[in-house]
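Now for the letters of each chain:
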Amino acid sequence: MSALAIAPTFLSDFTRLTPDVQLDTLAVMRAYQAGDQPGLESVAGAADPRVRVVSIAPDWSGVIVPDPDVEPGTEDAGQDEAHETPYRLLTVRPRDEALRYARSLRPEALPDTLVEAGTDPVDLTPIGPPELAGALSSPFAQWQITLHPDQHRITEAHFNGSAQITGGPGTGKTVMALYRAAHLAELDAAAHPGDTRESVLLTTYNRALAQSLADRLDQLLPDPGTRSRVKVATIDSLARSIVQTHTSTAPRMAGKDELAQRWRAVALADGLPFSGRFLVDEWEQVILAKGLELLPDYIRCERSGRVQHLAPEHRRQVWETVRRYVGAMRVEGLWSYPQLAGEAARVLGRSGPLFRHVVVDEAQDLHPAQWRMLRAAVPEGPDDLFIVGDPHQRVSDNRVSLASLGINVRGRGHRLRVSYRVTQEILDWSMPILGRRAALGMDDDADTLAGYRSLLRGPAPVVRGCESRTEELTALGEWVRVWLEAGVNPSEIAVAGRNQWVVRGVTKELEARGVPTTPLEGAGDTAAVRVGTMHRMKGQEFRCVALVGVSDHLLPPKAALEAAEGDQVALEHAYQQERTLLFVACTRARDALYVSHVGQPSRLISENW
Ligand SMILES: Nc1ncnc2c1ncn2[C@@H]1O[C@H](COP(=O)(O)OP(=O)(O)OP(=O)(O)O)[C@@H](O)[C@H]1O
């Protein structure tokens, strides 16, 4: 069986073909691999007699050439022999154009045209202005610590208090957080040479992001003495370690869904008119968020962001119920994440700050109790908190007003408007997904993406409509193969779906094709494609991203809409969260974005196109 490989230079042509021709191309490649080899035509008048064309569709042909290792002179080979020759597909074009191109290929040009597998597929990399060209063509890991000199200056600035950096996807916020932490560690080493404790906290949302920050920080701070001054931790692991150190017992954690389930059962048994989810949300988003400890304060408070109106007598009932359930959790030693952060804040309030500087990434998703913990973790003063985030990427229910939490960033805010990761083509396609609403900034102002743009140009996203799940998974498998053959490292490819069912299908498909996979949150395995849910895409970046199951029956998920129970405001809120999730997933791609659906595309994309 002989495969028809693709030349790395093929990919940029391929993404410009119409979906029909793309499918036809993949069918030819599949047929070739299955041994059912389509006829290759030699080209009359070709400068290189080894060049062939293959019919792709009635008016379209592919130009193929032998592997560069094959010696010239096989032009007289019979049909069978020709099929044993490993060929590579260079391009697919309208037939006349393909013939012209095939004739023009010169023998001495072929070895250059065919980039060996594993070398950088220059054509896939987006095009940027000359000053970015070096960074874009460098290895991906190297590019991931590149920063513009203007941004670099901000990371080394002295601030007379807390500072905040906001900006759309790919504007360099995370890398600024990294450089800021490194800079503060260096300053700290110079100012306190004898005190070697962890004095700088660099914190983020989940473990995968923390690991990625830690790895990159190792590169920025090669001196172990300076590096050891920075503690990299997720916000939850920080809360846990503070409480654990204080109580000498490891807290047992319960996520929101688990709590809602438990509380639902008890609420039902008690005959209460509230769902478990409502009670947990009320506790986390109002009582814990505002740090309320007394019923009169709860009765008086403004429940901003909450949909259902609650009269004072109902508030009394909720308060009493929550108090009882939380009491039961305490007996079990069970904590929710915001609750644990609130406890950590209280511990630090008594024992004093832990760090001299705190740097926060993905700040838009932190709960007010987590901010209280961070506020208590560092003394108020110059360069205390350096906060980076994007309110447009908020995927949690948390809303904060930093000022009300004792964090004042007025006059020390920077908005970044240039994306260095997401190409203008991907931005143009993804931005409408967000809808037209401004997001609420952490400094109480509306935050808009006005003026946000990219310096990079690349292929337009590919949207593939399929008739069945099998067809969708097959098309995905073929697409990933194209990326791999183009020389993209497997770990620089991510495939995501909205739910675990989609993710399982993707994993099975890729594994069956011999493409190793690993969870999106997994680190280290460079020989495996990353696969996971869209939630796990947050904060990450890849060369190529495929989103599967962007179908109307899956996205937005019915359960998310039903949870709104017909309430218009809650429904709009659920929609917005789904929009954000999809927008965040799309904007993880640097070089190529592929989106597929079965049947109708999700209304989140089709409403805009
Ligand atoms: N001047 C530059 N030239 C080339 N690459 C750059 C430049 N500035 C930043 N980058 C790169 O762009 C990428 C995007 O940066 P980063 O991940 O920090 O963005 P972000 O704002 O945190 O994105 P998101 O909000 O989507 O997570 C990084 O890999 C970074 O190295």
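Keep in mind that what you see is a predicted model, and the values were worked out from it rather than measured.

What counts as what
- Residues numbered from 1 in each chain as written.
- Predicted model: local features only at pLDDT ≥ 70, side-chain atom pairs only at ≥ 80, totals over all residues.
- Heavy atoms only, no water.
- Helix = DSSP H or I, 4+ residues; strand = E, 2+ residues; numbered from the N terminus.
- Buried < 20%, exposed > 50% of the residue type's maximum accessible area, 1.4 Å probe, protein only.
- Contact = heavy atoms within 4.5 Å.
- Areas by Shrake-Rupley, 256 points an atom, 1.4 Å probe, with all protein chains shown as cover.
- Core = buried A, V, L, I, M, F, W, Y, C linked by side-chain atoms within 4.5 Å.
- Pairing = 2+ DSSP bridges.
- Axes fitted to C-alpha atoms, helices over the stretch in contact; angles between N-to-C directions.
- Phe/Tyr/Trp six-rings, centres within 6.5 Å; stacked < 30°, edge-to-face > 60°.
- Lys NZ or Arg CZ within 6 Å of the ring centre and 35° of its normal.
- Near = heavy atom within 4 Å.
- Polar contact = N/O pair within 3.5 Å; in protein donor to acceptor, adjacent residues only side chain to side chain.
- Nonpolar A, V, L, I, M, F, W, Y, C, P; charged D, E, K, R; others polar.
- Salt bridge = Lys/Arg side-chain N within 4 Å of Asp/Glu carboxyl O.
- UniProt positions renumbered as here; feature names shortened; annotations may be inferred.
- Expected span 1.5 Å × (residues − 1).
- Right-handed = clockwise from strand over helix to strand, strands pointing away.

### Describing the overall build of the protein chain
Here's step 1: Looking only at helices and strands, the protein chain has 24 helices and 23 strands in total.
Here's step 2: The proportion of buried residues among the 609 residues of the protein chain is 56%.
Here's step 3: Long-range pairs, those at least 24 residues apart, make up 77% of the contacts in the protein chain with a sequence separation of at least 6.
Here's step 4: As presented, the protein chain carries roughly 25700 Å² of accessible surface, and 51% of it is formed by carbon and sulfur atoms.

### Some remarks on the nonpolar core
Here's step 1: Ranked by size, the top nonpolar core spans 41 residues in total, and within it Trp483, Val495 and Val506 carry the most contacts.
Here's step 2: The element contributing the most residues to this core is helix α20 (residues 469–485), with 7 residues.
Here's step 3: Leave out the neighbours within four places in its chain, and valine 506 touches Leu473, Leu476, Val495, Val531 and Val548.
Here's step 4: Leu348, Trp371, Met373 and Ile387 belong to the second-largest nonpolar core, a separate cluster that totals 34 residues.

### Some details on the sheet that holds strand β23 (residues 589–598)
Here's step 1: Read from one edge of the open sheet, 6 strands run β18-β23-β22-β19-β21-β20, paired in parallel fashion. Edge positions in the sheet fall to β18 (462–466) and β20 (517–519), since each of these pairs with one other strand and no more. Neighbour to neighbour, the strand axes of the sheet diverge by 25° on average, direction disregarded.
Here's step 2: The pairing of strand β19 (residues 493–497) with strand β22 (residues 542–547) spans 4 bridges and is classified as parallel. From the neighbouring strand, valine 495 faces β22, where its bridge partner is alanine 546.
Here's step 3: Sitting on the sheet, α20 is in contact with β18, β19, β21 (529–533), β22 and β23, with an inclination near 165° to β23.

### A short note on the packing of aromatic side chains
Here's step 1: Taken as a whole, this structure holds 7 aromatic pairs when the rule is applied.
Here's step 2: Arranged with centres 5.4 Å apart and planes meeting at 15°, the rings of phenylalanine 274 and phenylalanine 278 form a pair that is stacked. In this structure, phenylalanine 274 and phenylalanine 278 share a single accessibility class: buried.
Here's step 3: One aromatic cluster is present, formed by Trp263, Trp283 and Tyr325 through successive ring pairs.
Here's step 4: Across the ring face of tyrosine 298, the terminal group of arginine 315 is positioned such that the distance to the ring centre comes to 5.9 Å.
Here's step 5: Across the ring face of tryptophan 501, the terminal group of arginine 469 is positioned such that the distance to the ring centre comes to 3.7 Å.

### Quick notes on the site of the ligand
Here's step 1: Neighbouring the ligand are 24 residues; Trp143, Lys173, Thr174, Arg421 and Glu541 lie closest to it.
Here's step 2: One of the backbone nitrogen or oxygen atoms of glycine 170 is found 2.9 Å away from an oxygen atom of the ligand.
Here's step 3: The protein chains hide 98% of the 640 Å² of surface that the ligand would expose on its own.
Here's step 4: Those elements giving two or more residues to the shell around the ligand turn out to be α6 (130–137) and α9 (173–191).
Here's step 5: A per-element tally of the shell around the ligand places α9 first, with 3 residues.
Here's step 6: Residues that form the shell around the ligand fall into these classes: 8 nonpolar, 11 polar and 5 charged.

### Quick look at the pattern of salt bridges
Here's step 1: As enumerated under the stated definition, the model contains 36 salt bridges in all.
Here's step 2: Across the salt bridge formed by aspartate 150 and arginine 153, the nearest N and O atoms sit 2.4 Å from each other. Here arginine 153 and aspartate 150 lie together in helix α8 (residues 149–155), a separation of 3 residues that amounts to about one turn.
Here's step 3: Taking relative accessible area as the criterion, aspartate 150 reaches 43% and is therefore assigned partly exposed.
Here's step 4: Residue classification places arginine 153 among the exposed residues on the basis of a relative accessible area of 54%.

### Side note on the side chain of glutamate 282
Here's step 1: By secondary structure assignment, the location of glutamate 282 is in helix α14 (residues 276–288).
Here's step 2: Of note is the side chain of glutamate 282, whose polar atom sits 2.6 Å from the side chain of tyrosine 298.
Here's step 3: For glutamate 282, the contacting residues outside a window of four places in its chain are Ile287, Tyr298, Arg303, Arg306, Leu310 and Val318.

### Quick look at the UniProt feature "binding site: ATP" (unreviewed entry) in the protein chain
Here's step 1: As annotated by UniProt and renumbered to match this structure, "binding site: ATP" (unreviewed entry) occupies Gly167, Gly168, Pro169, Gly170, Thr171, Gly172, Lys173 and Thr174.
Here's step 2: For glycine 168, a relative accessible area of 0% puts it in the buried group.
Here's step 3: Non-local contacts of glycine 168, meaning those with residues more than four positions away in its chain, are made with Lys173, Asp390, Gln393, Leu416, Leu449 and Tyr452.
Here's step 4: Since its relative accessible area comes to 9%, lysine 173 is described here as buried.

### Regarding helix α17 (residues 337–351)
Here's step 1: The terminal C-alpha atoms of α17 lie 21 Å apart, and with 15 residues this matches the ideal 21 Å at 1.5 Å per residue to within 8%.
Here's step 2: Turning to α17, its buried residues number three or more, namely Pro338, Gln339, Leu340, Ala341, Gly342, Glu343, Ala344, Ala345, Val347 and Leu348.
Here's step 3: Looking at the buried residues of α17, the elements they touch are α12 (235–247), β9 (252–253), α14, α16 (312–332), β10 (334–335) and α18 (368–377).
Here's step 4: Once α17 finishes, glycine 352 follows within two positions and takes phi at roughly 100°, a positive value.

### Thoughts on the pairing of strand β11 (residues 357–360)
Note on strand geometry: in a regular strand, side chains alternate between the two faces of the sheet.
Here's step 1: Burial along β11 is two-sided: His357 and Val359 facing one way and Val358 and Val360 facing the other are all buried.
Here's step 2: Regarding the hand of the β-α-β motif, the stretch spanning β11, α18 and strand β12 (residues 385–389) is right-handed.

### Some words on the side chain of aspartate 281
Here's step 1: Here aspartate 281 shows up in helix α14.
Here's step 2: A relative accessible area of 12% places aspartate 281 in the buried class.
Here's step 3: In this structure the side chain of aspartate 281 is engaged in a polar contact, spanning 3.0 Å, whose partner is the side chain of lysine 256.
Here's step 4: Excluding its chain neighbours within four sequence positions, the residues that come into contact with aspartate 281 are Lys256, Val286 and Arg306.

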